[in-house]
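Structural characterization, general
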Amino acid sequence: MGSRSPDRIPRLSLWQKTPRGFIRMAACLACGHMAPLPVRDLVRRHGDMCPVEMALLHLRCENCRQSKAEARLIPLCEPGCRKW
Ligand SMILES: [Zn+2]
């Protein structure tokens, strides 16, 4: 309580801060391809008050060209992690 929030819709301004040790990725719902979220590009294009759901609609998968993606917050691997 105390601080009033205009609404509860997550906006691009939220993505500009990423918790330490995490990375924001966009995951394609069609093929599972993942790429780092181009937060700066999205903010430049839509403004930081744009709802993240709307911004996601404008992303297109590099692999299958679908535009259905979801944002994920993924913990960064330790140096030498083999997943990458
Ligand atoms: Zn895809």
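Our subject is the structure listed above.
This text gives an overview of the structure that appears in the document. (Residues numbered from 1 in each chain as written. Predicted model: local features only at pLDDT ≥ 70, side-chain atom pairs only at ≥ 80, totals over all residues.)

Some points on the nonpolar core
Of all hydrophobic cores here, the largest spans 11 residues; its members are L12, A26, C28, L37, V39, L42, V52, A55, L59, C61 and A69. Contact partners of C28, with chain neighbours within four places excluded, come to H33, C61, N63, C64, Q66, K68 and A69. (Core = buried A, V, L, I, M, F, W, Y, C linked by C-beta atoms within 7 Å. Buried ≥ 20, exposed ≤ 12 C-beta atoms within 10 Å, placed from the backbone. Contact = placed C-beta atoms within 7 Å.)

Considerations on the sheet that holds strand β1 (residues 22-28)
The antiparallel open sheet is built from 3 strands, whose spatial order is β2-β1-β3. Pairing within the sheet leaves two strands with one partner each, and these edge strands are β2 (34-36) and β3 (69-75). Taking the axes of each pair of neighbouring strands and ignoring which way they run, one obtains an average angle of 35° across the sheet. Note that β1 and β2 share 3 bridges and pair antiparallel. By the bridge assignment, A27 is partnered in β2 with M34. (Pairing = 2+ DSSP bridges. Helix = DSSP H or I, 4+ residues; strand = E, 2+ residues; numbered from the N terminus. Axes fitted to C-alpha atoms, helices over the stretch in contact; angles between N-to-C directions.)

Quick look at the pairing of β1
Every other side chain in a regular strand lies on the same face of the sheet, so the side chains alternate between the two faces. In this structure, β1 lies alongside β3, joined through 7 bridges in antiparallel fashion. Across the sheet, residue A26 finds its bridge partner in β3, namely A71.

Focus on the environment of C50
Looking at the secondary structure, you find C50 in the loop between α2 (39-46) and α3 (52-57). C50 sits 40 residues away from P10 along the chain, and the two C-alpha atoms are 8.6 Å apart.

Quick look at unusual backbone geometry
Positive phi, close to 70°, is recorded for R65, a residue that is not glycine. Along the chain, the position of R65 falls in the loop between α3 and β3. R65 gets classed as exposed once you count the C-beta atoms within 10 Å, which come to 10.

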